[in-house]
Structures are given as structure tokens and as C-alpha cells.
Amino acid sequence: MDDFLVAAAHLRRAGFGGEAPRLALILGSGFGGLEHEIDSPVQCSYSDLPGFPVPAGTSGHVCRVSQGVLWGTRALVFRGRYHAYEGHAPRELAACVWVAHALGARTLLVTNAAGGIRGDLAPGSMMAIRDHINLTGTNPLVGPTRLRGAAAFPPMGAAYDPGLLAALLKAGEQAGEPMASGVYAAVLGPSFETPAEVEMLRRLGADAVGMSTVPEVIAANALGMRVCGLSLITNRAGGAHDSHERVLQSGADNALRLAAVLRHLVAGLA
Ligand code: HPA
């Protein structure tokens, strides 16, 4: 059996069965505290989940999946994700997505911290992801066998569901956080970008840059899920003082603003 079906079966035995979650939410860097928004969650640490590697570089950080009622909607929430720079096998980069789909989720909300490239994307602003550019050098569909239920050659022409994108922009207005939409470029990392690389990304059409999300979005599209993506701009890309700690701090500082937007979005989906 696929590892991720084993993980899903484990979760069902651990109390994640019953009514299927309507959506899955993956929390980006610094947003982990949002899992406390879930009412009466059942929870499981990644370290207890067969088929789920422990994300590297997260010692001391909580990595777990929760299921419960999030802003009135049954949801799965993933705190901790897999990054290509950690050296995982390609399909592991989308572990959260494979498991969410196996448990019945058909809508995926992805959040991340990103460096702003476009002039208006200053630190502290949010960007609704309209499209992406995959520069990670990998793809979660790479591998000797195809995962059950996944398309081999999924189209990516509407990778971010246009209806959910419109709903996210509306949610931003409702939350008093009007936001622009833009193109997210995913790079391998873990080093941040040089100014020359940022200029290259800008010319390629990227508005923001980060090291996550895109593998998850590709897998979700291969599974026929609807995807919505939200970036918090934590820094101007290419700065001399970029640091992971600053990204995490900015994520944590702005988590409540992000939650306000997501709350309106999720309420609108119900
Ligand atoms: N570059 C890459 N990833 C990031 C950045 C950045 O500037 N900020 C947050 N994640």
C-alpha cells in the first residue's frame, strides 16, 4: 500500500474518521499558532504517523495534524510541512496533500511566508496567489510509481481555483486587509536569493518568492482538488539581512491578520 494510505488509515484509527473534512489547511512558517483556532481537535504528531518523515530543521517545533471544526467548517490543519531543501523524496514534499485527499478533503488552502519582489508587496502585506513558477528543480509527481488517484500529467492552467481566488480577495476586503494577487515563485533554497537572482525572478514574472507550497499545489491538482493560496510577505527578497528567524517572527507577528482573512474565506465557503 502507498505510505500515505497507511498514514491515512492510521489517522482514521486515531479518531480522524467519520465525516470527511471539507478542507485542508497547511500552515506556513510562523503561522503554527493558528491551529488553536480549531474547536475540539483530534491531533497526531508527524513523528507518530507512519509514512510521514519528521521535517528537518524543526527540532523543538511542533509538527502535527489536527482535525476539528475550524470557523464553522470541518477541517484538517497541518502544522509543519516538507521543503525540498530538506532533501526529501519528491512525493514526500506533498505528504500533507496525499493524506488530506485520502481522508476526503477536496479543497486545499495553502499559506506561506514569502519575500516580496513586486514593488507594492512590502513586508507585512498579503498576496493572494494567482499562479506559480516552479523553480525547485523537483516535482512531487516524480517517481517510479504513480500514487493512486493522481493524474500522471495534470494540467496546471488553473492551478489556483479562480472562484477561490475571487473569494480570497473578497475575504481580504471583509477582514480590512485588501490584498493584491500575484505569482509565487518557488525556489529550492535554503539560501535566500541574491539581488541578481531576485532581478531574474522579477523578469520571469514572479511577484514573490519562497521555498514551499508549489509541490503541494501540484499534487493537489493531480488529485483534482481545488486550491487557494495566500502568502504573507515577510521581507523584501534579496536583502542583506534575510534570515529564517526574521521570517518566523514576521509570520508569528502577523498570524492574527492572516487568520482574520482565512476566517472570512472559510465562512464564505460554508
Ligand atoms: N526568499 C525565499 N523564501 C522566503 C523569503 C525570501 O526572501 N522570505 C520568506 N520565505
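Below or above, wherever it landed, is the structure these notes cover. Bear in mind that the values here come from a model prediction, so they are computed numbers and not experimental data. (Residues numbered from 1 in each chain as written. Predicted model: local features only at pLDDT ≥ 70, side-chain atom pairs only at ≥ 80, totals over all residues. Heavy atoms only, no water.)

1. Observations concerning the pairing of strand S4 (residues 73–79)
Phase 1: The element S4 is largely enclosed, with a buried count of six among its seven residues.
Phase 2: Pairing analysis gives five bridges linking strand S1 (residues 23–27) to S4, with the strands arranged parallel. Each bridged residue has a counterpart across the sheet, and for Leu23 the counterpart in S4 is Ala75.
Phase 3: Here seven bridges tie strand S3 (residues 64–70) to S4, and the two strands are oriented antiparallel to one another. (Buried < 20%, exposed > 50% of the residue type's maximum accessible area, 1.4 Å probe, protein only. Helix = DSSP H or I, 4+ residues; strand = E, 2+ residues; numbered from the N terminus. Pairing = 2+ DSSP bridges.)

2. Remarks on the site of the ligand
Phase 1: Neighbouring residues of the ligand: Ala113, Ala114, Gly115, Phe192, Glu193, Val209, Gly210, Met211, Thr234, Asn235, Ala237 and Val247.
Phase 2: One of the side-chain nitrogen or oxygen atoms of Glu193 is found 2.7 Å away from a nitrogen atom of the ligand.
Phase 3: Asn235 is positioned with one of its side-chain polar atoms (N or O) 2.7 Å from a nitrogen atom of the ligand.
Phase 4: Burial of the ligand by the protein amounts to 95% of the accessible area it has alone, namely 260 Å².
Phase 5: If you list the elements that add at least two residues to the shell around the ligand, you get strand S5 (107–116), strand S8 (208–210) and strand S9 (226–236).
Phase 6: Of the residues that constitute the shell around the ligand, the class distribution is seven nonpolar, four polar and one charged. (Near = heavy atom within 4 Å. Polar contact = N/O pair within 3.5 Å; in protein donor to acceptor, adjacent residues only side chain to side chain. Areas by Shrake-Rupley, 256 points an atom, 1.4 Å probe, with all protein chains shown as cover. Nonpolar A, V, L, I, M, F, W, Y, C, P; charged D, E, K, R; others polar.)

3. So, the environment of Asp242
Phase 1: The topology assignment puts Asp242 in the loop between S9 and helix H6 (244–269).
Phase 2: For Asp242 and Leu70, which are 172 residues apart along the polypeptide, the C-alpha to C-alpha distance reads 33 Å.
Phase 3: Filtering out sequence-adjacent residues up to four positions away, Asp242 remains in contact with Phe192, Asn235, Arg236 and Ala237.
Phase 4: Here Asn235 takes part through its side chain, which lies 3.2 Å from a polar atom of the side chain of Asp242.
Phase 5: Here Gly239 takes part through its backbone nitrogen, which lies 3.2 Å from a polar atom of the side chain of Asp242. (Contact = heavy atoms within 4.5 Å.)

4. Some remarks on the packing of aromatic side chains
Phase 1: Counting across every chain of the model gives four aromatic pairs.
Phase 2: Consider the rings of Tyr46 and Phe52, whose centres lie 5.0 Å apart with planes at 75°: the pair is edge-to-face.
Phase 3: Tyr46 gets classed as buried once you look at its relative accessible area, which sits at 1%.
Phase 4: The class for Phe52 is buried, based on a relative accessible area of 5%.
Phase 5: With a centroid separation of 5.9 Å and 80° between ring planes, the pair formed by Phe52 and Tyr82 is classed as edge-to-face. Of the two residues, Phe52 is situated in the loop between strand S2 (38–45) and S3 and Tyr82 in the loop between S4 and helix H2 (95–102); the sequence distance between them amounts to 30 residues.
Phase 6: An aromatic cluster is defined as three or more aromatic residues linked by ring pairs; in this entry it consists of Tyr46, Phe52 and Tyr82. (Phe/Tyr/Trp six-rings, centres within 6.5 Å; stacked < 30°, edge-to-face > 60°.)

5. Observations regarding unusual backbone geometry
Phase 1: The amide bond that connects Gly189 to the next residue, Pro190, takes the cis arrangement and shows omega of 0°.
Phase 2: Note on placement: Pro190 falls in the loop between strand S7 (180–187) and helix H4 (195–204).
Phase 3: The backbone of Trp71 sits at a positive phi, close to 50°, despite the residue not being glycine.
Phase 4: Locating Trp71 in the fold gives a position in the loop between S3 and S4.
Phase 5: Here Thr213, not a glycine, exhibits a phi torsion of approximately 75°, which is positive.
Phase 6: By secondary structure assignment, the location of Thr213 is in the loop between S8 and helix H5 (214–222).

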